[in-house]
Amino acid sequence: MNVEERRSATRVATLVAVPLAVLAGLVAFQVLKPDFQDTGPVTMLAIQLDERQTVVCRALLAHLPGQVRDRQRRPVTAGPEQNAAFGDPAITVACGGKKPAFAPTDVVYPLSGVCWIPDASGTTWTTVDREVPVVVTVPQEYDSPGQWVAAFSAPVFKAILSADVPSGCKPQSQSQ
C-alpha cells in the first residue's frame, strides 16, 4: 500500500469514527443524564382543620411514601401536617376540609379499597368514603391520572377510617 492509499484509508476511517464517537456520546448522555426534576417547595394552601382532622391528616402524612413511582416527595409551602407533593410537575395530596358533594349518579371509582371521584377535568380526585376527605391533584402532563391516584389508596386506607360509603362504591378489603 502506497502513501496515498494509506492517507485515503485514514480519511475514510476518520470519517466513519468521528460520527460514531459523537453518536456514542449522545447515547451515553441520554442514558446517564441527571433527572432535572424540581425539588423545591410546592405552593399549597393550608386550610383550617378541626382537632380530629388534624390527627387523621398527620396519620395519613406519616403513611405516605418518600416517592411514588419515580417521583420524589417534595416539601410544601404550607400545611406540612396536611399536605404533600411528589415530582415535577407536582402531584399534590391535600388532607382535610369539607366532604365533597356529588350526585348519586356520578361515577365513583373504587381504587385499591378507597372510593374516589374525579372532577370534570379528571385531574383532581377526592375520596368519598373516608371520615376526612383527601384530594389528590394529578397535573395534565401525566397519563392515566387514576393510576397515579391509586398509588395513594393504600396510605389512605391505612390511616383514615371509612364513613358514609356511597351506593355504587363497595371498596374491597385490603390485607395490609
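Shown above is the structure to which this text applies.
Remember, predicted model here, so these are calculated numbers, not experimental data. (Residues numbered from 1 in each chain as written. Predicted model: local features only at pLDDT ≥ 70, side-chain atom pairs only at ≥ 80, totals over all residues. Heavy atoms only, no water.)

1. Remarks on the sheet that holds strand S6 (residues 114–118)
Here we have 8 strands laid out as an open sheet, ordered S1-S2-S3-S4-S8-S7-S6-S5, and antiparallel in their pairing. Taken across any chain shown, the strands that pair with only one partner, and hence form the sheet edges, are strand S1 (67–68) and strand S5 (109–111). Across 3 bridges, S6 lies against strand S7 (residues 124–127) in antiparallel orientation. By the bridge assignment for S7, Pro 118 is matched with Trp 125. (Pairing = 2+ DSSP bridges. Helix = DSSP H or I, 4+ residues; strand = E, 2+ residues; numbered from the N terminus.)

2. Observations regarding the pattern of salt bridges
Taken as a whole and assessed by the stated rule, the structure comprises 4 salt bridges. Its salt-bridge partner being Arg 52, residue Glu 131 comes within 2.7 Å of it at the nearest N-O pair. Here Glu 131 is found in the loop between S7 and strand S8 (134–137), whereas its partner Arg 52 is found in helix H2 (residues 51–63), with 79 residues between them in sequence. Residue classification places Glu 131 among the partly exposed positions, given a relative accessible area of 23%. (Salt bridge = Lys/Arg side-chain N within 4 Å of Asp/Glu carboxyl O. Buried < 20%, exposed > 50% of the residue type's maximum accessible area, 1.4 Å probe, protein only.)

3. Description of the pairing of S6
Taken across its 5 residues, S6 has 4 buried, putting it largely inside the fold. Of the strand pairs in this sheet, S5 and S6 are connected by 3 bridges, and their pairing is antiparallel. For Tyr 109, the partnering residue across the bridge sits in S6 and is Trp 116. Hairpin connection from S5 to S6: 2 residues lie between these consecutive antiparallel strands, with Ser 112 at a positive phi of about 55°.

4. Considerations on the state of the cysteines
When the sulfur atoms of two cysteines share a covalent bond, that bond is a disulfide. Under the criterion given, the structure shown has 1 disulfide. The disulfide bridge from Cys 57 ends at Cys 95, spanning 2.1 Å between sulfur atoms. As the torsion about the S-S bond is roughly -85°, the Cys 57-Cys 95 disulfide counts as left-handed. Taken together, the positions of Cys 57 in helix H2 and Cys 95 in strand S4 (residues 91–95) put the pair 38 residues apart, joining distant regions of the chain. Relative accessible area serves as the criterion here: at 0%, Cys 57 is assigned to the buried category. Note on Cys 95: relative accessible area 1%, which makes it buried. (Disulfide = S-S within 2.5 Å.)

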